[in-house]
Structure formats: C-alpha cells, structure tokens
Amino acid sequence: EPASTDRAARPAVLLTICMMALVTLPGCPPRRPRPAPPPYLSMYEAIARVNANSRQIDRPLLGKPLTVRGHFTDPDGQIRRFDVRGWLLYYNEPPQAPRFLRLKLDQLGQTVLELGSNEQEYWLWIRPEIDTYWHGRYDRLAGGSAEQMPFRPDQVIEALGLAVLPTDTRGPNGPVYRVMDEANQLLFIRYTRTEQGYISKEYWLDRRAPGLVRRIVFRSPDGRVVMEASLDDYRPVVDSGEGPGPPQSAPPLAACRISIRWPRHGAEMNLRVGRWRFRPDAGPQIFRSPRQRGLVFAREIALDQDSQ
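Quick look at the environment of Leu160
Relative to the helices and strands, Leu160 is located in the loop between α3 (153-159) and β7 (176-179). Spatially, the C-alpha atoms of Leu160 and Leu271 are 10.0 Å apart, while their sequence positions differ by 111 residues. Excluding residues within four positions of it along the chain, Leu160 makes contact with Leu88, Tyr90, Leu101, Leu231 and Ile258.

Points about the pairing of strand β1 (residues 61-73)
The pairing of β1 with strand β14 (residues 276-278) spans 3 bridges and is antiparallel. By the bridge assignment, Gly63 is partnered in β14 with Trp276. Bridging between β1 and strand β2 (residues 79-91) involves 11 bridges; their strand directions are antiparallel. Pairing of His71 across the sheet is with Arg81, part of β2. Connecting the antiparallel pair β1 and β2 is a turn made up of 5 residues, with Gly77 showing a positive phi of about 90 degrees. Two elements, β1 and strand β13 (residues 267-273), share 6 bridges in a ladder whose sense is antiparallel. What sits directly across from Arg69, in β13, is Asn270.

The rules behind these values
Residues numbered from 1 in each chain as written. Predicted model: local features only at pLDDT ≥ 70, side-chain atom pairs only at ≥ 80, totals over all residues. Heavy atoms only, no water. Helix = DSSP H or I, 4+ residues; strand = E, 2+ residues; numbered from the N terminus. Contact = heavy atoms within 4.5 Å. Pairing = 2+ DSSP bridges.

In structure tokens form, the structure reads like this:
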C-alpha cells in the first residue's frame, strides 16, 4: 500500500519540480504591466504636449525606407492590392494647416503610386493597369469632390499626427474634451445647413507619455466613419545637423507605423517607416504635381472645374 501511494504522488511531485524549473530557467523576463496613465490632464495641457512636439517639425521631413501595403477599389469597381516600397516627404509650413506632402512608391524602377499636395492643389496618381490621375484644388475642397479619390492626400497629411492642434478651443465648433481610460479625446464639432451639429473629427491623444496622437477619425454628418487612422511606434526624428540653430536636445517624435482606412471606398493603406529624418535641402520643386512636371496619363479625373 505505501509503494502504491508513492507512485500516485510521483506525478504531482514531478509537476511541481517542472514548474519550479520553468520559473528559474533563463529567458525572456515576464512582461511588465503598462504604467497607469496620469490621473488627469487638462485639455490645454494635452494640446500643449502635442503641439510642443509638432512645432519642432520645422523643416522638410523624410520617411525612408517606406513600405506601404494596402488595397483600393478602382473606378471600374475592381479591387486592387499592392505591397511596395518608396518614400514620403512632409513639410509643416506655418502658419496654415499642413499641405506639403509627397508620397512616392516604386516597383522595378517605375512609379506605381504617387500621392501629394502643395499649397494650391492635391493629387493621386495610380499607374499599374489603370493609369489614372485624380487632381483638385484646395479652394474647392469643401465641395466634397475629393470623396471620389480612393486615398485623400489631405487626410493622409492629417493621419501622420504632426499637425499643430488649435489652442483657441472656444465657441460652438469646439473641440470638446473627453477623458477616457487610455486616451484624452478632442471632438471637433461642425454643423449642417440645417444647423444640426455632428462630430466631424476625433483626435485620440495617448494619456501615457509621450502623450501624442494615437487615433484620428473623420466622420460624415450621418455619423459614419469616412477615414480612420491609428498611429504607433513613435521614434525620434534624426537631425541632419543642417537646420537653423543648434541641434535640439530632445528631438521630436514621429509615428513609424500608421494604418489608414477609408471604409466607404474599401480602401486601406498601411505605412511602415524605417526612419524619419530632416531633409532641409528639399525645396518647393519637390512638391510639384505630376501635371506641373509635364507628365501625361491615360485617364484624368478633375475633381473641380478650376482644375482644368
């Protein structure tokens, strides 16, 4: 009887020894819990923290190497998928909202997609198979014609999370401030022609350090999502040392993983940036549109009459 009892207890003893060995074996340390967010941060403090970072982006900013994976629905209703490499150049020229952007993707030495914007116009050029060029002017953007584009340049600019947020938050347009468990939200209010208010834009600011933009949502007057972006993997911008003034002791941060989707168009764009660095030698000519550079296209879609 004692021998059978020992045999019955043996599996339990072995299990205990194995569990102790697993605890003591070297390897990856257990994951530490994320620190609790600060108990409270006022709207003005949350905005100031974002703007302190964005205002340091005072020179053209280059993201390279850049990998972009996604899909869209072309003008004929066919779903197109892509997974290509290229580069992205951005410039936040004050005092107006950022408009300078050029995203260029190549494959086998040829441009497959170019998306961009300058002070006057914005454009999208997709070459493989469809060779279609959409273009419009900012002075006509409010008319809604840009909704025809699979990827909107003005929204891609905002999805980078580097724009300076408004510091005057008074009045009926907001933004309205809401504190959540993981984020501080800025809700921007607009009104229809019938004076019906709706949330047109949402900025989700991470409550934990460094307290930057984690999510951006654009909505239509009926409440549906027009564009949604998530931002992650913030890293310091590499300073080339060619900018004005002494090098900054604490460089600005920029997201290296950005996912953007446009539900209405069945379109999605996932950007992975290897490194952000300043390119002060990038002049205005880099932001010229393909039409300004004399290129031609099989199909051209003018989004407003002034684009002709």
